[in-house]
Protein chains: 2
Amino acid sequence: MTMNVEPNRSFDLRAYLSIRRARIDATLESYLALEEPRALYEAMRYSLLAGGKRLRPILCLAACELAGARAEIALPTACAIEMIHTMSLIHDDLPAMDDGDYRRGRLTNHKMHGEALAILAGDSLLAHSFELIARRTVGVPAQRTLAVIAELGRAAGPRGLAGGQVEDLAHEGKYGVGVDVLEDIHTRKTGALLEAAVLSGAILGGADALTTARLRRYAQRLGLAFQIVDDILDLTSTCEAVGKNVGKDASARKATYPSVLGLAESRRHVEMLIEHAMSDLACFGDRATPLVALAASLAQSL
Amino acid sequence: MTMNVEPNRSFDLRAYLSIRRARIDATLESYLALEEPRALYEAMRYSLLAGGKRLRPILCLAACELAGARAEIALPTACAIEMIHTMSLIHDDLPAMDDGDYRRGRLTNHKMHGEALAILAGDSLLAHSFELIARRTVGVPAQRTLAVIAELGRAAGPRGLAGGQVEDLAHEGKYGVGVDVLEDIHTRKTGALLEAAVLSGAILGGADALTTARLRRYAQRLGLAFQIVDDILDLTSTCEAVGKNVGKDASARKATYPSVLGLAESRRHVEMLIEHAMSDLACFGDRATPLVALAASLAQSL
């Protein structure tokens, strides 16, 4: 028996994503009503409600369902994960870091609201995300919610997002960065939160150890594939298509997969990762349909 | 029967604080060993282990004991609170905000490590603090730990530290700020985390509703008194004595209690707050000795 997995052809991924995205957008909006100080809430909402793909929260909900629970119980956590992701985008875009002008098709947070508010909006989203999980998660044993908070705290901190950004900045402009360093950067910078999103859903849904291990491996491979695709698109796309500055990696001489492995080899690497990610979930049959389809669609975006 | 409380004269507050501070310093050090990326951990440790007064963690442990539990069970939370406090100091000192050069007697984080690392060290401390509480708290029902995380997430976010800093910046250089605005700023900026520190200890210790309410009021009054004292010292002290830039409030034309109420009236306000804070705890007798002594000592620092 081969472990090759064919995505379910009758599954309408586009409709699935669109419904889930709408649900997440509406919940995010309801979680973050305008309060005083207005300028701060406006800055938070500006980036959070700018219409991202909501990939991480969607993965979280899907993993919760794969584990056998209703997606509903993971909704506060899924939204919190998007807040953490948004925080990292706002801070990474700051002049002291990547100095980005555009993000998600509009001016970056500090270009719109100024640096002080951008820093504080990021801090606020991060702090609020943990409050949200602790306060709003219902119908789940408290011990599981604590495990989720531990995972996400780790993913956002020095072993995850923040550490990855430090390594990324440290290697900027350096030639001769190897694939191992590159993988380490991306494992932290993109991989950690994506993995934590899948794991959080699994934990909340009550997944057993084997399911959790498989989902973790799936998430690691998907996360890395996702980053390589991002690197490739930065090189081959237009600003209009991806909604943020492109070609910036090359002009900042950032180490990327295409710059280290070449474009063709990077594409082959993505395809291999996605194939493995899909086979990680083969044993779950139909329950894994959305997660398998998501991985498959990533290959098609190249 | 009068509600006036005399601090216990036989209690050696100085020795108590010194022992607690040493315990907290050692635990913080053990919680944050040097890892990769080294530069990030060094930046985090630079500000965290710079030897602050550790007032917030000490309050947390004392409230836990007042509630009838061992201080030990609140130690991870107490350390997490100091991490959150340190994060807010690092970010508030950034050039885009208060642009401070010195803090706790040494160069500010961004002056020493650069802006990017200072921002990421703050983010890391904030994220790590929640992981720490979720992962290391033992011997406490999980539901209480979640309640603590909710309190601290609130205190660090837009309704607390971050919101207070936004309001503080918004009123900089403006004349005619009233006492009510000033109190709102400080309730968020200093009060929220100090209150959360006391409440967290109370929650972990299993305090009943009445005890919690009294401790909350004590913390609110102490927090405000603490801020007014800080404002007064900024005006009357030397840089050497307080270890950070002084006279900055006046040169930045920040609204402070002395600038709004005058020095004499500010002192009277502090004394009244402290007296009320002490009487909030009168009914707890000897169990409140450290918290009462702490409040009393604040009056003496003027």
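Treat the numbers as computed from the prediction; the structure is a model and nothing was measured. (Residues numbered from 1 in each chain as written. Chains lettered and ligands numbered in written order. Predicted model: local features only at pLDDT ≥ 70, side-chain atom pairs only at ≥ 80, totals over all residues. Heavy atoms only, no water.)

## Considerations on the interface of chain A and chain B
Okay, so step 1: Across the contact, 45 residues belong to chain A and 45 residues belong to chain B.
Okay, so step 2: For the pair chain A and chain B, the summed buried area comes to about 3,700 Å², and 73% of that belongs to carbon and sulfur atoms.
Okay, so step 3: When the area that chain A buries against chain B is broken down by residue, the three leading residues are L120(A), L146(A) and P158(A), summing to 15%.
Okay, so step 4: Here chain A is connected to chain B by two salt bridges.
Okay, so step 5: In this structure, R159(A) and E35(B) form a salt bridge, with 2.5 Å as the shortest nitrogen-oxygen distance.
Okay, so step 6: Taken together, the links from chain A to chain B amount to eight residue pairs in polar contact (both at pLDDT 80 or more). (Contact = heavy atoms within 4.5 Å. Buried area = accessible area lost by both parts, 1.4 Å probe. Salt bridge = Lys/Arg side-chain N within 4 Å of Asp/Glu carboxyl O. Polar contact = N/O pair within 3.5 Å; in protein donor to acceptor, adjacent residues only side chain to side chain.)

## What about a nonpolar patch on the surface?
Residue and element names in this part refer to chain A.
Okay, so step 1: Where nonpolar side chains cluster on the molecular surface, the patch consists of Y102, L107 and M112 and spans about 280 Å² of accessible area.
Okay, so step 2: When you line up the elements, Y102 lands in strand 1 (residues 102-103).
Okay, so step 3: Taking relative accessible area as the criterion, Y102 reaches 41% and is therefore assigned partly exposed. (Patch = residues over 30% accessible without salt bridge, like charges linked within 9 Å, V, L, I, M, F, W, Y side chains within 5 Å. Areas by Shrake-Rupley, 256 points an atom, 1.4 Å probe, with all protein chains shown as cover. Helix = DSSP H or I, 4+ residues; strand = E, 2+ residues; numbered from the N terminus. Buried < 20%, exposed > 50% of the residue type's maximum accessible area, 1.4 Å probe, protein only.)

## Examining the state of the cysteines
Residue and element names in this part refer to chain B.
Okay, so step 1: Counted under the stated rule, the structure contains zero disulfides over all chains.
Okay, so step 2: C60 forms no disulfide, and the closest cysteine sulfur to it belongs to C64, at a distance of 6.9 Å.
Okay, so step 3: Taking relative accessible area as the criterion, C60 reaches 0% and is therefore assigned buried.
Okay, so step 4: No disulfide involves C79; its sulfur sits 9.2 Å from the nearest other cysteine sulfur, which is in C60.
Okay, so step 5: The class of C79 is buried, set by a relative accessible area of 0%. (Disulfide = S-S within 2.5 Å.)

## Considerations on unusual backbone geometry
Residues and elements named next belong to chain A.
Okay, so step 1: A cis geometry characterises the amide bond from E36 onward to P37, with omega recorded as -5°.
Okay, so step 2: Here P37 lies in the loop between helix 1 (13-31) and helix 2 (38-48).
Okay, so step 3: In this structure, R104 takes a positive phi of about 50° despite not being glycine.
Okay, so step 4: Mapped onto the elements of the fold, R104 is located in the loop between strand 1 and strand 2 (106-107).

## A short note on the packing of helix 9 (residues 179-204) of chain B against helix 10 (residues 209-236) of chain B
Residue and element names in this part refer to chain B.
Okay, so step 1: Here helix 9 crosses helix 10 at 135°, and the two axes come no closer than 8 Å. Accordingly, the angle class assigned to the pair helix 9 and helix 10 is oblique. Between helix 9 and helix 10 the crossing geometry is right-handed. In this structure, helix 9 contributes E183, H186, T190, L194, E195, V198, L199 and A202 to the contact, and helix 10 contributes T212, L215, R216, A219, Q220, L222, G223, L224, F226, Q227 and D231.
Okay, so step 2: Of the residues in the contact of helix 9 with helix 10, the class split is nine nonpolar, six polar and four charged. (Axes fitted to C-alpha atoms, helices over the stretch in contact; angles between N-to-C directions. Parallel < 35°, antiparallel > 145°, perpendicular 65-115°, else oblique. Left-handed = near helix turned anticlockwise from the far one by under 90°. Nonpolar A, V, L, I, M, F, W, Y, C, P; charged D, E, K, R; others polar.)

## Side note on the environment of V260(B)
Residue and element names in this part refer to chain B.
Okay, so step 1: Structurally, V260 is set in helix 13 (residues 257-261).
Okay, so step 2: Sequence-wise, V260 and L193 are 67 residues apart; in three dimensions their C-alpha atoms are separated by 24 Å.
Okay, so step 3: Those residues within four positions of V260 in sequence are excluded, and the remaining contacts are V177, G178, V179 and L182.

## Describing the packing of aromatic side chains
Okay, so step 1: As enumerated under the stated definition, the model contains three aromatic pairs over all chains in all.
Okay, so step 2: Aromatic pair F130(A) and F130(B): ring centres 4.5 Å apart, planes at 15°, arrangement stacked. With F130(A) in helix 6 (residues 115-136) and F130(B) in helix 6 (residues 115-136), the pair connects residues from two separate chains. The two residues F130(A) and F130(B) agree in class, both being buried. (Phe/Tyr/Trp six-rings, centres within 6.5 Å; stacked < 30°, edge-to-face > 60°.)

## Considerations on helix 8 (residues 161-171) of chain A
Okay, so step 1: Most of helix 8 of chain A sits inside the fold, with eight of its 11 residues counted as buried.
Okay, so step 2: All of the buried residues in helix 8 of chain A are L161(A), A162(A), G163(A), G164(A), Q165(A), V166(A), E167(A) and D168(A).
Okay, so step 3: Buried positions along helix 8 of chain A lie against helix 4 (75-92), helix 7 (142-156) and helix 9 (179-204) of chain A together with helix 2 (38-48) and helix 6 of chain B.

## Remarks on the relation of the copies chain A and chain B
Okay, so step 1: With an RMSD of 0.0 Å, the fit of chain A onto chain B corresponds to turning through 180° and sliding 0.0 Å along the axis. Such a turn and shift between the copies fits a two-fold axis. Closest to the rotation axis within chain A is the C-alpha of A142(A), separated from it by 2.7 Å. (Least-squares fit on C-alpha atoms with pLDDT ≥ 70 in both.)

## Observations regarding the pattern of salt bridges
Residues and elements named next belong to chain B.
Okay, so step 1: Inspection of the entire model under this criterion finds 36 salt bridges over all chains.
Okay, so step 2: The partner of R54 in a salt bridge is D25, and the shortest N-O contact between them spans 2.7 Å. Of the two residues, R54 is situated in the loop between helix 2 and helix 3 (55-66) and D25 in helix 1 (residues 13-31); the sequence distance between them amounts to 29 residues.
Okay, so step 3: Its relative accessible area of 1% is what places R54 among the buried residues.
Okay, so step 4: Taking the relative accessible area as the measure of exposure, D25 reaches 26% and is therefore partly exposed.
Okay, so step 5: A salt bridge links E167 to R188; its shortest N-O distance comes to 4.0 Å. Pair noted here: E167 is in helix 8 (residues 161-171) and R188 is in helix 9, with a separation of 21 residues, a long-range link.

## Details of the packing of helix 1 of chain B against helix 3 of chain B
Residues and elements named next belong to chain B.
Okay, so step 1: The N-to-C vectors of helix 1 and helix 3 enclose an angle of 105°; their axes lie 10 Å apart at closest approach. Here helix 1 is positioned roughly perpendicular relative to helix 3, judged by the angle of their axes. In this structure, helix 1 uses Y16, L17, R20, R21 and I24 to contact helix 3, whose residues at the interface are P57, I58, L61, A62 and E65.
Okay, so step 2: Across the contact of helix 1 with helix 3, the residue classes tally to seven nonpolar, no polar and three charged.

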